[in-house]
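Residue-level listing of the chains:
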Amino acid sequence: MTSTSSLQAALSQLDPAKLEQLSRTIDLPALLNAAAGLPEGQLRQLAGAVMAPQKPAKALPEPNGDFFGLLNTLTPAQREVAAAARRFMETEVAPIMNDHWSRDEFPQQLIPRLRELNLLRRIWNEDGSRTPDASVVEGLLTQEFCRVDVSTAVFFGVHAGLAAASIALGGSDAQKREWLPKVLDLQVIGAFGLTEPEGGSQVSRGLHTTARRDGDAWVLNGRKKWIGNSTFSDFTVIWARDVADDQVKGFLVRRGTPGYTVEKIQGKIALRMVENGEITLTDCRVPDTDRLQNAPNFRTTADVLRLTRAGVAWQGVGCAMGAYELALRYAQTRQQFGKPIGSFQLVQNNLVHMLANVTAMQTLCLRLSQMEDAGQMRDEHAALAKVMTAARCRETVALARETFGGNGILLEHGVAKHFCDTEAIYSYEGTNEINTLVVGRAVTGLSAFV
Ligand SMILES: Cc1cc2nc3c(=O)[nH]c(=O)nc-3n(C[C@H](O)[C@H](O)[C@H](O)COP(=O)(O)OP(=O)(O)OC[C@H]3O[C@@H](n4cnc5c(N)ncnc54)[C@H](O)[C@@H]3O)c2cc1C
């Protein structure tokens, strides 16, 4: 067989549909004529190339932010709860989150789905006690929620953490009996109102909302800012200063109580799917039976915040993990200069830096939660974890966003939402500065608070 006919034979083995497609862009007869004029050796090479079996594309590893397999060190029940949360986030939340994030709206349809998952009873018992591995479970849930969407974790954390803990730690037995079963089943949704327009970091000292006893009721006056879920919550825990003894007390203010109004905060650049409200209390009467009976001063408020701070540290883990996995997948597939960008050394350097951050954060938080479940966690442990994870998360999401080039600022690629949401994580439940001062005071024995 001549080399020309061997080339023709090779071409004849090609898929006719593909040949037809090829002939639309290349003049095949002219190509064969030109090939006929080539020296014998070159023709053979050409025929060999056409007949060479196609190499299957190399399978690349799936992105996995749990690089050291921390999940494998946990119990089957803990792994199951993490898997359920992951399924829920990927199938129910991911398809709708960008739309709701853009519209500043929480998707109410998620509440019945969360109810079916029955997650709160993995954290709380109905009598207000915690399950033996509550903090680890809460951490895993937070990680899995934030890996896809931080707003979902914040909705859950405000209700299942701050609001539930206020009743569990500050409520009487009768109040726990009345509220906790409904809270754990998400039949009622809670919010937590501590921060005020003029009182964020200094809220323990500078809380201006007042409570005045009037017969068998209390009259509340003041304003609260940033209160998550409050635009639709069934009750909000309002922390107010008793004018008689100057102590901060907690009140369960039910939706629709006269004198209680909420306005949704607009124009956020982070956590847009969380509905944060600004609350105004004007001569708002609350029966004494709705005052948290075992919350006589700010110590109870601080206990609630301590209990939930580990969960906020886990938010940084999940958010950074999600951003890293998105960046890695993009780097494996985005081609520039004829190669995946993940094959460039500088891009790999960023990916490895992100993974090191995620791994360090995840390891620290698991240890923190184990300490919390064992009753060994102190304020400074939670504060250090929050400082470290918020800062590393900020660094990680910035590198992840950078990996996407211009696409990194488009909501549709996912990483932009992680980038923006991190700014809120950095500032709430104690800013990084305040948590740093808490750790500094513990390790030096000297307070740097003004
Ligand atoms: C999205 C979001 C959701 C929130 N949800 C809730 C909620 O559900 N319920 C609720 O009660 N609150 C909520 N908050 C409020 C949050 O806890 C406060 O924003 C936080 O405590 C910081 O207070 P601030 O914003 O008033 O900042 P400020 O206290 O005014 O601080 C401004 C800056 O000054 C620094 N600073 C202040 N004091 C010191 C100091 N002594 N030394 C060094 N630096 C200092 C801070 O670190 C910060 O950088 C939420 C906030 C956000 C952003």
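This text follows the structure it describes.
As the structure is a computational prediction, the values presented were derived from the model and not from experiment.

Novice: When you look at the overall build of the chain in this model, what are you seeing that I'm missing?
Specialist: In terms of regular secondary structure, the chain is built from 14 helices and nine strands. Relative to its 450 residues, the chain shows a buried fraction of 43%. In the chain, the proportion of contacts linking residues at least 24 apart, taken out of those at least 6 apart, comes to 75%.

Novice: Please clarify how the environment of Gly 414 should be interpreted in this entry.
Specialist: Relative to the elements of secondary structure, Gly 414 occurs in the loop between helix H12 (379-403) and helix H13 (415-427). Spatially, the C-alpha atom of Gly 414 lies 9.4 Å from that of Ala 94, the residues being 320 residues apart in sequence.

Novice: Can you walk me through the environment of Val 317 in this structure?
Specialist: Along the chain, Val 317 falls in helix H10 (residues 298-333). Taking the C-alpha atoms as reference points, Val 317 and Asn 357, 40 residues apart in sequence, are found 8.8 Å from one another. Discounting chain neighbours no more than four positions away, the residues touching Val 317 are Gln 143, Val 358, Met 361, Gln 362, Cys 365 and Thr 389.

Novice: Please clarify how the site of the ligand should be interpreted in this entry.
Specialist: Around the ligand sit 21 residues, and of these Leu 194, Gly 200, Ser 201, Thr 431 and Glu 433 come closest. For the shell around the ligand, the secondary structure elements donating two or more residues are strand S1 (190-193), strand S3 (217-228), H13 and helix H14 (432-444). Considering each element in turn, the shell around the ligand owes the most residues, three residues, to S3. A per-class count over the shell around the ligand returns 11 nonpolar, eight polar and two charged.

Novice: Teacher, can you tell me more about the packing of H10 against helix H11 (residues 345-373) here?
Specialist: Packed helix pairs are specified by the crossing angle of their axes together with the interaxial distance, meaning the distance between the axes. The interhelical angle for the contact between H10 and H11, taken along N-to-C directions, is 155°, at an axis separation of 9 Å. For the element pair H10 / H11, the angle class is roughly antiparallel. Pair H10 / H11 crosses with left-handed handedness. Contacts between H10 and H11 involve Ala 310, Ala 313, Trp 314, Gly 316, Val 317, Ala 320, Met 321, Tyr 324, Ala 327, Leu 328 and Ala 331 on the former and, on the latter, Val 347, Leu 351, Met 354, Leu 355, Asn 357, Val 358, Met 361, Gln 362, Cys 365, Leu 368, Ser 369 and Glu 372. Tallied by class, the residues present in the contact of H10 with H11 amount to 18 nonpolar, four polar and one charged.

Novice: What am I meant to see in the pairing of S1 here?
Specialist: Within a regular beta strand, the side chains point alternately toward one face of the sheet and then the other, so they alternate between its two faces. The side-chain alternation of S1 yields two buried faces, one formed by Gly 190 and Phe 192 and the other by Ala 191 and Gly 193. Sheet topology note: the S1/strand S4 (residues 235-242) ladder contains four bridges and is parallel. Looking at S4, one finds that Phe 192 is bridged to Val 237.

Novice: Explanation requested: the nonpolar core in the structure shown.
Specialist: Within soluble globular proteins, side chains that are nonpolar generally end up buried alongside one another. Judged by nonpolar contacts, the single largest core of 115 residues is most densely connected at Phe 251, Ala 320, Tyr 324 and Ala 327. Of all the elements, H10 adds the most residues to this core, at 18 residues. In this structure Ala 327 touches Leu 351, Met 354, Ala 400, Thr 403 and Val 415, once residues within four positions along its chain are discounted.

Novice: What is the right way to read the environment of Thr 195 from this model?
Specialist: Summarising the element assignment, Thr 195 is placed in the loop between S1 and strand S2 (210-214). Each C-alpha atom of the pair Thr 195 and Tyr 428 lies 10.0 Å from the other, and the pair is 233 residues apart in sequence. If near-sequence neighbours (up to four positions away) are discounted, Thr 195 is found in contact with Gly 200, Val 203, Lys 224, Lys 225 and Trp 226.

Novice: Explain unusual backbone geometry here, please?
Specialist: Both trends apply: most residues other than glycine have a negative phi, and most peptide bonds are in trans. Residue Asn 118 is not a glycine yet carries a positive backbone phi of 55°. Residue class for Asn 118 comes out partly exposed when judged on the 13 C-beta atoms lying within 10 Å of it. With a phi close to 45°, Leu 271 is a non-glycine residue in the positive phi region. Its location among the elements puts Leu 271 in the loop between strand S6 (260-264) and strand S7 (276-287). Residue Leu 271 is classed as buried on the basis of its C-beta count, with 25 C-beta atoms lying within 10 Å.

Novice: Hey, could you run me through the packing of H10 against H13 in this one?
Specialist: Between H10 and H13, the least distance of the axes is 10 Å, while the angle of their chain directions is 160°. Relative to H13, H10 is oriented roughly antiparallel. Handedness of the crossing formed by H10 with H13: left-handed. Here H10 contributes Val 312, Gln 315, Gly 316, Cys 319, Gly 322, Ala 323, Leu 326 and Ala 327 to the contact with H13, which in turn contributes Val 415, His 418, Asp 421, Thr 422 and Ile 425. Partitioning the contact of H10 with H13 into residue classes produces seven nonpolar, five polar and one charged.

Novice: Would you take a moment to explain H12 for this structure?
Specialist: Every α-helical turn comprises 3.6 residues, leaving residues that sit three or four positions apart pointing alike. Across its 25 residues, H12 extends 36 Å between first and last C-alpha, which sits within 8% of the 36 Å expected from 1.5 Å per residue. Looking one or two places after H12, you find Gly 405, whose phi comes out positive at around 55°.

Novice: When you look at H13 in this model, what are you seeing that I'm missing?
Specialist: The buried count for H13 comes to 10 of 13 residues, which makes it a mostly enclosed element. Taken together, the buried positions of H13 are Val 415, Ala 416, Lys 417, His 418, Phe 419, Cys 420, Asp 421, Thr 422, Ala 424 and Ile 425. The inward-facing, buried residues of H13 abut helix H5 (76-103), helix H8 (150-170), H10 and H12. Phi turns positive one or two residues past the end of H13, at Glu 429, with a value near 50°.

Analysis parameters
Residues numbered from 1 in each chain as written. Predicted model: local features only at pLDDT ≥ 70, side-chain atom pairs only at ≥ 80, totals over all residues. Helix = DSSP H or I, 4+ residues; strand = E, 2+ residues; numbered from the N terminus. Buried ≥ 20, exposed ≤ 12 C-beta atoms within 10 Å, placed from the backbone. Contact = placed C-beta atoms within 7 Å. Near = placed C-beta within 6 Å. Nonpolar A, V, L, I, M, F, W, Y, C, P; charged D, E, K, R; others polar. Axes fitted to C-alpha atoms, helices over the stretch in contact; angles between N-to-C directions. Parallel < 35°, antiparallel > 145°, perpendicular 65-115°, else oblique. Left-handed = near helix turned anticlockwise from the far one by under 90°. Pairing = 2+ DSSP bridges. Core = buried A, V, L, I, M, F, W, Y, C linked by C-beta atoms within 7 Å. Expected span 1.5 Å × (residues − 1).

Any functional reading would require information that these geometric values do not contain.
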